[in-house]
Amino acid sequence: EPEVTQTPSHQVTQMGQEVILRCVPISNHLYFYWYRQILGQKVEFLVSFYNNEISEKSEIFDDQFSVERPDGSNFTLKIRSTKLEDSAMYFCASRGQGADTEAFFGQGTRLTVV
Amino acid sequence: AQTVTQSQPEMSVQEAETVTLSCTYDTSENNYYLFWYKQPPSRQMILVIRQEAYKQQNATENRFSVNFQKAAKSFSLKISDSQLGDTAMYFCAFKLYNNNDMRFGAGTRLTVKP
């Protein structure tokens, strides 16, 4: 069964450093998402991406964040200068064509900023 | 803006019993989708069940069923014959028909006791 894969599973970084979280969505999917879940808290929408551009973003997704689909298969989330409060699980998701299709989630990347 | 509220942070149920998880949402739109996602300790989000707002019939998926009350903006999940493997966080989610992002509630932590 096709699945969304995320790497790394755990990333530790120094405050102020840049991190790139990587995702490989399901191959024929067209919509891509990043969500964040601070430990024990709700899942928060960050950004959606379609047709090589951001389609929606939340208030969390400020200038420190960017997304890219560099090669047609990977979908990356970059945080330019990490803060302690960026520590969270980051989930990538993708879905196919059609408004009612379900989103498939990756297993997440745990980001720890120290 | 759309909001999703899950008023039960934690619930528990005896194995083989039935449990209902509550979810309410707020929207002025008429065309949308509602989802319940399960997040087991492995952390990967898994779709449990989906409901299209235009359908009056409540969705069912084996032991999982929903009680969708559109006028009341309520979307509860009933788990029948609870199993130990149902222990997880359960998130209610909302997606507008013509919008890419999906909004989640804060989650309900369900523990199934032997």
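Undergrad: Is there a simple way to think about the packing of aromatic side chains in this case?
TA: The geometry of an aromatic ring pair is captured by the separation of the ring centres together with the interplanar angle, meaning the angle of the planes. Under the definition given, this model contains 20 aromatic pairs over all chains. Consider the rings of Phe49 of chain A and Phe75 of chain A, whose centres lie 5.3 Å apart with planes at 45 degrees: the pair is tilted. Here Phe49 of chain A, found in strand 5 (residues 43–50), pairs with Phe75 of chain A, found in strand 8 (residues 75–79); they are 26 residues apart in sequence, far enough to count as distant. Judged by relative accessible area, which is 6%, Phe49 of chain A ranks as buried. Phe75 of chain A sits in the buried class, given a relative accessible area of 0%. What links up through ring pairs into an aromatic cluster is the set Tyr33, Tyr35, Phe45 and Phe105 of chain A together with Phe35, Tyr37, Phe91 and Phe104 of chain B. Just above the ring of Tyr31 of chain A sits the side chain of Arg95 of chain A; from NZ or CZ to the centre is 4.2 Å.

Undergrad: How do you make sense of the interface of chain A and chain B when you look at a structure like this?
TA: Facing the 25 residues of chain A at the interface are 20 residues of chain B. Across the chain A-chain B interface, the total number found is zero salt bridges. Elements with a minimum of two residues in the side of chain A that touches chain B: strand 4 (31–37), strand 5, strand 6 (53–57) and strand 9 (88–95) of chain A. Class assignment of the residues belonging to the side of chain A that touches chain B gives a composition of twelve nonpolar, seven polar and six charged.

Undergrad: Just checking my understanding: could you explain unusual backbone geometry for this structure?
TA: Leaving glycine aside, a negative phi is the common case for residues, and trans is the common case for peptide bonds. Look at the link from Thr7 of chain A to Pro8 of chain A: it is a cis peptide, with omega at -10 degrees. Of note in this structure, Asn52 of chain A is not a glycine but carries a positive phi near 65 degrees. On the secondary structure map, Asn52 of chain A appears in the loop between strand 5 and strand 6. Judged by its relative accessible area of 60%, Asn52 of chain A is exposed. Phi is positive for Asn62 of chain B, which is not a glycine, with a value near 55 degrees. Structurally, the position occupied by Asn62 of chain B is in the loop between strand 7 (60–61) and strand 8 (64–69).

Undergrad: I would appreciate a short explanation of the pairing of strand 5 of chain A in the present structure.
TA: On a regular strand, one side chain projects to one face of the sheet and the next to the other, so that they alternate. Residue and element names in this part refer to chain A. The buried fraction of strand 5 is high, at six of eight residues. Direction of pairing for strand 4 relative to strand 5: antiparallel, over a ladder of seven bridges. Note that in strand 5 the partner of Trp34 across the bridge is Val47. As consecutive antiparallel partners, strand 4 and strand 5 are separated by five residues, and within that stretch Gly40 has a phi angle of approximately 75 degrees, a positive value. Counting the residues that bridge the hairpin from strand 5 to strand 6 gives two residues, and of these Asn51 lies at a positive phi of roughly 55 degrees.

Undergrad: What exactly am I supposed to notice about the confidence of the model for chain B here?
TA: A low pLDDT means the predicted coordinates there should not be read in detail. Chain-level pLDDT for chain B is 92 on average; 99% of the residues reach the 70-or-more range. Element-level mean pLDDT values for chain B span from 85 in strand 11 (residues 102–104) of chain B up to 98 in strand 3 (residues 19–21) of chain B.

Undergrad: Which parts of the structure should I look at to understand the state of the cysteines?
TA: By definition, a disulfide links the sulfur atoms of two cysteines through a covalent bond. Counted by the stated rule, this structure contains two disulfides over all chains. Shown here is the disulfide that connects Cys23 of chain A with Cys92 of chain A, its sulfur atoms set 1.9 Å apart. The disulfide joining Cys23 of chain A to Cys92 of chain A has a torsion of about -65 degrees about its S-S bond and is therefore left-handed. Of this pair, Cys23 of chain A sits in strand 3 (residues 19–24) while Cys92 of chain A is found in strand 9, placing the two residues 69 residues apart along the sequence. As far as burial versus exposure is concerned, Cys23 of chain A and Cys92 of chain A are alike and both buried. There is a disulfide in this structure between Cys23 of chain B and Cys92 of chain B, and the S-S distance comes to 2.0 Å. Across the S-S bond of Cys23 of chain B and Cys92 of chain B the torsion is about -70 degrees, and the bridge reads as left-handed.

Here is what the cut-offs are and how they apply
- Residues numbered from 1 in each chain as written.
- Chains lettered and ligands numbered in written order.
- Predicted model: local features only at pLDDT ≥ 70, side-chain atom pairs only at ≥ 80, totals over all residues.
- Heavy atoms only, no water.
- Phe/Tyr/Trp six-rings, centres within 6.5 Å; stacked < 30°, edge-to-face > 60°.
- Helix = DSSP H or I, 4+ residues; strand = E, 2+ residues; numbered from the N terminus.
- Buried < 20%, exposed > 50% of the residue type's maximum accessible area, 1.4 Å probe, protein only.
- Lys NZ or Arg CZ within 6 Å of the ring centre and 35° of its normal.
- Contact = heavy atoms within 4.5 Å.
- Salt bridge = Lys/Arg side-chain N within 4 Å of Asp/Glu carboxyl O.
- Nonpolar A, V, L, I, M, F, W, Y, C, P; charged D, E, K, R; others polar.
- Pairing = 2+ DSSP bridges.
- pLDDT = per-residue confidence, 0-100.
- Disulfide = S-S within 2.5 Å.

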